[in-house]
Amino acid sequence: MMKKKSIPASKPLLILFLCQIISALDVPLDSKLLEELSQPPTITHQSPKDYIVDPRENIVIQCEAKGKPPPSFSWTRNGTHFDIDKDAQVTMKPNSGTLVINIMNGGKAEAYEGVYQCTARNERGAAISNNIVIRPSRSPLWTKEKLEPHQVREGDSLVLHCRPPVGLPPPIIFWMDNAFQRLPQSERVSQGLNGDLYFSNVQPEDTREDYICYARFNHTQTIQQKQPISVKVFSMDSLNDTIAANLSDTDIYGAKPVTERQPVLLTPTGSTSTKVELRGNVLLLECIAAGLPTPVIRWIKEGGELPANRTFFENFKKTLKIIDVSEADSGNYKCIARNTLGSVHHVISVTVKAAPYWITAPRNLVLSPGEDGTLICRANGNPKPSISWLANGVPIAIAPEDPSRKVDGDTIIFSHVQERSSAVYQCNASNEYGYLLANAFVNVLAEPPRILTPANKLYQVIADSPALLDCAYFGSPKPEIEWFKGVKGSILRGNEYVFHDNGTLEIPVAQKDSTGTYTCVARNELGKIQNEVHLEIKDPTMIIKQPEYKVVQRYGQVSFECIIKHDSTLLPTVIWLKDNDELPDDERFLVGKDNLTIMNVTDKDDGTYTCIVNTTLDSVSASAVLTVVAAPPTPAIIYARPNPPFDLELTGQLERSIELSWIPGDENNSPITHFVIEYEDGLHEPGVWHYQTEVPGTQTTVQLKLSPYVNYSFRVVAVNKIGRSQPSEPSEQYLTKSASPDENPANVQGIGSEPDNLVITWESLKGFQSNGPGLQYKVSWRQKDVDDEWTSVIVANVSKYIVSGTPTFVPYEIKVQALNDLGYAPEPSEVIGHSGEDLPMVAPGNVQVHVINSTLAKVHWDPVPLKTVRGHLQGYKVYYWKVQSLSRRSRRHVEKKILTFRGNKTFGMLPGLEPYSSYKLNVRVVNGKGEGPASPDKVFKTPEGVPSSPSYLKITNPTLDSLTLEWGSPTHPNGVLTSYILKFQPINNTHELGPLVEIRIPANESSLILKNLNYSTRYKFYFNAQTSVGSGSQITEEAVTIMDEAMASRQVDIATQGWFIGLMCAVALLILILLIVCFIRRNKGGKYPVKEKEDAHADPEIQPMKEDDGTFGEYSDAEDHKPLKKGSRTPSDRTVKKEDSDDSLVDYGEGVNGQFNEDGSFIGQYSGKKEKEPAEGNESSEAPSPVNAMNSFV
């Protein structure tokens, strides 16, 4: 029986290894099946082992897991159970094990330091996370110390100590001056790995009073500064003058001149030292030497070579850096410091240890009852790690016994497992440098066979093509699959079938007799199931008459045929293409059943036409070329492309030019319009032909311009109206002499990628532009506006050069010049670039907030000095957030909003604020590197506004003359409520409104009984709340008092009297006769004036709307304050619910869907939902909305 391990691409069956299962039991990706199968927990996401958190933000400890049934979660802290229910600051996310510790609401991050571990558990086992060590980051201040000035003699060495405060994580150290410019470093002056500044020998120019060490704590985005250090360098001349002034003429005086000194190591001290590094880390070794002249450092490895591709030299070769170290990198590394007077060396003995790393991590195991399996856990390290096993989070030695389980060192052997053997096992590999923890479950499933392929699925295949019949299955133990053909057919065997491991039956070459019903049977010891599928074999689609090549005269007619034969059960579609694109949208193109006709042919119709026939199972196509020619003098003339030119000859060879001549080929009845000359550069691009020039068709010679150092060959192509000829045979080769380059690289740029470098890039010259061998580039740079000499370097085969050790964000003059073995290109032009940016150092000062109204505020700040921006100033960001509502005194989760103001703005608007609330904000400057530190938080409060409408209004307990009203307070009071206003008026049977009554109700009331009302009368109520600012939007409701019982009985008695019924019938008959007479007269041409009844009652409360005063005043819908002329009907529950008008703030900064104009005011879109109110007669009014208020302000 032939088997294939791969699944055909035409009928892919998606196979999922359930949580990295490795076993003979595959679980297909079927959502319904996966929902039914039990699975032990698997940890899918967790926080890092060493988790340093920001003490100002909430702590989120991740723990996510999956399983069936969904797992429950628990935590331990420092090895004991962590009861999160007893700590109000700790919550666990729903359907997750992730903990959220609320630090921003009064919690202390230091109180939650410790080791945390998460356990995810269900009925099949328990998985555990790594030990997660929580530590808050720390950025302590520098200890105060008295720094004495350093007085040093010229030529002596000097070390300026930084000694930064110990932070978590450790800070980044750099030295700058008072102007926030990085101090220049070189082979003579450089910063050590410990942050100290080393001088191999001091020079008079080192004298200054502002050597400042900075420590940047990235985790908290803070920078600490050490007190400035003063250095005074005494030159020998000045020292001699001082001595002479204090001695008599008879004294012998004179300081020794500056003497050269052989190298002495400043760090490390002594002749040997040791270093231990962990596998996979970066090894950093350092040697800094004193001496005059300045020593040069060289590194070697005793008894071996420095590893290639992993070795780098930094800090002017004073630091040796080896990345991704391994045990093979252990050994003795020697640094040698040398100058003209001698040398000194130091040997560092490096030992590479290793934390545990996986060789074979345990993987999940899915077994059937009675099967065997193994879990293997192999790890390596230096020293060798110890392996320990846990079962469901408990050491396996004290875990419940399982007779099917045997532990053999790094392997657990399972024999004849049962369903109760399901569990999650943990392997822990640890040594003194760390540990590895892996969860792997053993899931024992007993499932009868299931066939996942739909029943009676129909497969249709073209004859002589492969047929793939699916039988996706699942079961535990793994079922055996058999295929049968026909209802009572025998089992399928033989070389004409291929049986795939996933159950698919493949018929490699399906024939007509392959048609029929096929049955797939899956069976294991727990049961048997079968499924039928159907196969139909179709005749292939063929084009029996294909379109043929056509030549047609201009303005003529042409037709292409495409006659097809196809299976009678398949519906073909025919598509015509021109040059592999759709036919032009032109009525001249007529598509018939089996042909394409083009009327009134033009030159644009020239091209390739393709007939494509598609069915649901196959596709065929055929193409033909249409050539459009001018009308021939006689019918016998044939137009065609010209023949290629021949006999190419090169004459007049010079260094930069040559003459090419040729003999034209036959025109083929269409005059040659022009010749195209092409060249090949056999030296740089052999086999590639380039366009050189073209000449008129009457010309057979041309003078060609040449470039140096190119091996030329030429060919000629003739062109007429029909098309291009074939290229001529190539001419003989001609190699031009070499010369210096004629041009320099283009697109020269200088942009720093790091704060202390300058990356110079350019576009390399192409091969023929080199003009000779040995193409190189001379890269030159110097700091702009500084009297410096040009620094140059010559490079080859690159288009980038990185200048290290530059000050942060200073302009440089840059030029790149090409050269080769014969000389230089002309002097290049200079471009201006900048070294790399760094984060701004200073926060904007003098932040002030001016509250304009209850929803708008204006913020001002002083710009930061440009020299502290340390990059291209992009603008300022304002972070602001609501702290609490003053009416409710309740805090909520802080949701910070950000507005960005481009350029050197010093103010901006904060729209969309909530009335009667307390806010905080801060401002940060932004450059191309990122954001600077935040200004101190500024607190401001918004004044009261008008409230929203009451949350509901209910009318209950109707009697003859009273109604009971109940209401809810506004969802957004926007201030302190002073009262409620109730207005009501009766509505008669014609929907006319009676007099309006107004009642003011104290703010602390929530219900009211209205008495002395008319019985059996409908009333309309208008209800709103008030603050000291004004009235809010209103809600409306209608209700009816009950009817007097005596009157109701009298009405019922009259309606049932016979005389009353007769009277009503007579009136109806009279109206019918009147309508008939009107209809007859109208048909005879009669006209009747028709008067429409209109509502003449004016609204008693309409007031003209006030003009917008140009500010962000409080706004409300004017319709909310007016009684309605005609009552609208309310829902049956007689409750009017407020529709929230969530005026969502479309944040106005560039990063948040808004824009500001140059004065900082908002010009973006601002929209909100408008409450829909019942129609008030035929009247309408548009109340001032937030949009109108914003537009009036701008």
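Everything quoted here is computed from the prediction, not taken from an experiment.

### Looking at the overall build of the protein
Consideration 1: The helix and strand tally for the protein stands at six helices and 88 strands.
Consideration 2: Intrachain contacts of the protein at a sequence separation of at least 6 include 66% that bridge at least 24 residues.
Consideration 3: Element-wise, carbon and sulfur atoms account for 51% of the exposed surface of the protein, whose accessible area totals about 62,900 Å².

### A closer look at the state of the cysteines
Consideration 1: Under the counting rule described, the total for this entry stands at six disulfides.
Consideration 2: The disulfide bridge from C377 ends at C427, spanning 1.7 Å between sulfur atoms. Residues C377 and C427 are joined by a disulfide whose S-S torsion is about -65°; by sign, that bridge is left-handed. Of the two residues, C377 sits in the loop between β32 (373-376) and β33 (378-382) while C427 sits in strand β38 (residues 423-431), which places them 50 residues apart along the sequence.
Consideration 3: The buried category is assigned to C427, whose relative accessible area is 0%.
Consideration 4: One disulfide bridge connects C562 with C611, the sulfur atoms lying 1.9 Å from each other. Taking the torsion about the S-S bond as the criterion, the C562 to C611 disulfide, at about -65°, is left-handed. Placement of C562 in the loop between β51 (558-561) and β52 (563-565) and of C611 in strand β57 (residues 607-614) is noted, with a sequence separation of 49 residues between them.

### Here we look at the pattern of salt bridges
Consideration 1: Taken as a whole, this structure holds 37 salt bridges when the rule is applied.
Consideration 2: R523 serves as the salt-bridge partner of E482, at 2.7 Å between the closest nitrogen and oxygen. You can see E482 sitting in strand β44 (residues 480-485) and its partner R523 sitting in strand β47 (residues 516-524), a full 41 residues away along the chain.
Consideration 3: Given the relative accessible area of 22%, E482 is considered partly exposed.

### Observations regarding the sheet that holds strand β86 (residues 1007-1010)
For sheets, the rule is that strands pair by backbone hydrogen bonds, running either parallel or antiparallel.
Consideration 1: In space, the three strands of this open sheet follow the order β82-β83-β86, with antiparallel pairing throughout. Of all strands in the sheet, those bounded by a partner on one side alone are β82 (950-956) and β86. Sheet twist, expressed as the average angle between the axes of neighbouring strands with direction ignored, equals 20°.
Consideration 2: Of the pairings in the sheet, the one linking strand β83 (residues 963-970) to β86 comprises four bridges and is antiparallel in character. Residue pairing across strands places E966 opposite S1007, the latter belonging to β86.

### So, the environment of P947
Consideration 1: One can find P947 in the loop between β81 (938-941) and β82.
Consideration 2: Residue P947 is classed as buried on the basis of its relative accessible area, which comes to 3%.
Consideration 3: Taking C-alpha positions, P947 is 8.9 Å from V976, a pair spaced 29 residues apart along the chain.
Consideration 4: Ignoring sequence-local partners within four residues, the contact set of P947 consists of P970, H972, P973, N974, L977, A1025, Q1026, T1027, G1030, S1031, G1032 and S1033.

### Some thoughts on unusual backbone geometry
Consideration 1: Cis peptide bonds are those with omega within 30 degrees of zero, and the linkage from K68 to P69 qualifies with 0°.
Consideration 2: Along the chain, the position of P69 falls in the loop between β6 (63-68) and β7 (72-77).
Consideration 3: In this structure, the amide linkage connecting T267 to the following residue, P268, adopts the cis form with an omega of -5°.
Consideration 4: Residue placement: P268 occurs in the loop between β22 (261-267) and β23 (272-278).
Consideration 5: For N309, which is not glycine, the phi dihedral falls at a positive 70°.
Consideration 6: Along the chain, the position of N309 falls in the loop between β26 (296-301) and β27 (311-314).
Consideration 7: Non-glycine residue D464 carries a positive phi angle of around 70°.
Consideration 8: Following the sequence through the fold, D464 ends up in the loop between β41 (457-462) and β42 (467-469).

### Regarding the sheet that holds strand β45 (residues 498-499)
Consideration 1: What the three strands build is an open sheet, ordered β42-β46-β45; its pairing is antiparallel. Pairing within the sheet leaves two strands with one partner each, and these edge strands are β42 and β45.
Consideration 2: Strand direction decides the pairing type here: β42 and strand β46 (residues 505-507), joined by three bridges, are antiparallel. Its bridge partner being in β46, A467 is matched across the sheet by I507.

### As for the nonpolar core
Considering soluble globular proteins, one finds that nonpolar side chains tend to be buried as a cluster.
Consideration 1: Grouped together as the largest cluster of nonpolar side chains are 29 residues, with contacts concentrated most on I59, I61, W75, I101 and Y116.
Consideration 2: Breaking this core down by element, the ones donating at least two residues are β5 (59-61), β6, β7, β10 (99-101), β11 (114-122) and β13 (132-136).
Consideration 3: Top element by residues in this core is β11. It accounts for three residues.
Consideration 4: Among the nonpolar cores identified, the runner-up in size contains 20 residues, and V461, F499, A510 and L535 belong to it.

### A closer look at a nonpolar patch on the surface
Consideration 1: Residues L1069, L1072, I1073, I1076, V1077, F1079 and I1080 make up a contiguous nonpolar surface patch of roughly 670 Å² in combined accessible area.
Consideration 2: As for its placement among the helices and strands, I1073 is situated in helix α5 (residues 1058-1083).

### Re the confidence of the model for the protein
Consideration 1: In this model, the protein carries a mean pLDDT of 84, and residues with pLDDT of at least 70 account for 84%.
Consideration 2: Here residues 1-24 scores under 50 on pLDDT; set against residues more than four positions off or in separate chains, the count is 53 contacts.
Consideration 3: Counting contacts from residues 1086-1194, a segment whose pLDDT is below 50, to residues more than four positions away or on other chains yields 224 contacts.

### With respect to the packing of aromatic side chains
Consideration 1: This structure, assessed with the given rule, holds 20 aromatic pairs.
Consideration 2: Between W861 and Y876, the aromatic rings sit 5.4 Å apart at their centres with planes inclined by 50°, giving tilted as the arrangement. Remark: Y876 occurs in strand β76 (residues 873-885) and W861 occurs in strand β75 (residues 856-862); sequence separation between them is 15 residues.
Consideration 3: Judged by relative accessible area, W861 falls into the buried class, the value being 3%.
Consideration 4: Take Y876: its relative accessible area is 0%, and that puts it in the buried class.
Consideration 5: An angle of 65° between the planes, with centres 6.2 Å apart, marks the rings of F984 and Y1019 as edge-to-face. Of this pair, F984 sits in strand β84 (residues 977-987) while Y1019 sits in strand β87 (residues 1018-1027); the two residues are 35 residues apart in sequence, bridging distant segments of the chain.
Consideration 6: Each member of the aromatic cluster is reached from another via a ring pair, and the members are Y679, Y712 and F714.
Consideration 7: For the cation-ring pair, R279 lies above Y357, with the distance from its terminal atom to the ring centre recorded as 3.6 Å.

### Structural notes on the side chain of T1027
Consideration 1: If you trace the backbone, T1027 turns up in strand β87.
Consideration 2: The exposure class assigned to T1027 is buried, which follows from its relative accessible area of 5%.
Consideration 3: When near neighbours in sequence (up to four residues on either side) are disregarded, T1027 contacts E944, G945, V946, P947, P973, G975, V976, L977 and T978.

### Some points on the side chain of N1024
Consideration 1: Inspection of the secondary structure puts N1024 in strand β87.
Consideration 2: Judged by relative accessible area, N1024 falls into the buried class, the value being 5%.
Consideration 3: One polar contact links the side chain of N1024 to the main-chain carbonyl oxygen of G1032, over a distance of 3.4 Å.

### Some thoughts on the pairing of strand β74 (residues 845-853)
Consideration 1: Looking at chain direction, β74 and β75 are connected through six bridges and run antiparallel. Bridge assignment links V851 to a residue of β75, and that residue is A857.
Consideration 2: Here β74 folds back onto β75, and the loop between the two strands holds two residues.

### What to know about the pairing of strand β36 (residues 405-408)
Here is the key point about a regular strand: its side chains alternate between the two faces of the sheet.
Consideration 1: As judged from the four bridges shared by β36 and strand β37 (residues 411-414), these two strands associate in the antiparallel manner. Looking at the pairing, V407 lines up with I412 of β37.
Consideration 2: The antiparallel hairpin formed by β36 and β37 contains two residues in its connecting segment, where G409 sits at a positive phi of about 65°.

### What to know about the environment of I212
Consideration 1: Its location among the elements puts I212 in strand β19 (residues 208-217).
Consideration 2: Between the C-alpha atoms of I212 and S230, which are 18 residues apart in sequence, the distance is 9.2 Å.
Consideration 3: Setting aside residues up to four positions removed in sequence, I212 forms contacts with F174, W175, M176, D177, N178, Q225, K226 and P228.

### Describing the environment of G903
Consideration 1: Position of G903 relative to the elements: it lies in the loop between β78 (897-902) and β79 (907-910).
Consideration 2: Along the backbone, G903 and Y876 are 27 residues apart, and their C-alpha atoms lie at a distance of 7.5 Å.

Calculation rules
Residues numbered from 1 in each chain as written. Predicted model: local features only at pLDDT ≥ 70, side-chain atom pairs only at ≥ 80, totals over all residues. Heavy atoms only, no water. Helix = DSSP H or I, 4+ residues; strand = E, 2+ residues; numbered from the N terminus. Contact = heavy atoms within 4.5 Å. Areas by Shrake-Rupley, 256 points an atom, 1.4 Å probe, with all protein chains shown as cover. Disulfide = S-S within 2.5 Å. Buried < 20%, exposed > 50% of the residue type's maximum accessible area, 1.4 Å probe, protein only. Salt bridge = Lys/Arg side-chain N within 4 Å of Asp/Glu carboxyl O. Pairing = 2+ DSSP bridges. Axes fitted to C-alpha atoms, helices over the stretch in contact; angles between N-to-C directions. Core = buried A, V, L, I, M, F, W, Y, C linked by side-chain atoms within 4.5 Å. Patch = residues over 30% accessible without salt bridge, like charges linked within 9 Å, V, L, I, M, F, W, Y side chains within 5 Å. pLDDT = per-residue confidence, 0-100. Phe/Tyr/Trp six-rings, centres within 6.5 Å; stacked < 30°, edge-to-face > 60°. Lys NZ or Arg CZ within 6 Å of the ring centre and 35° of its normal. Polar contact = N/O pair within 3.5 Å; in protein donor to acceptor, adjacent residues only side chain to side chain.

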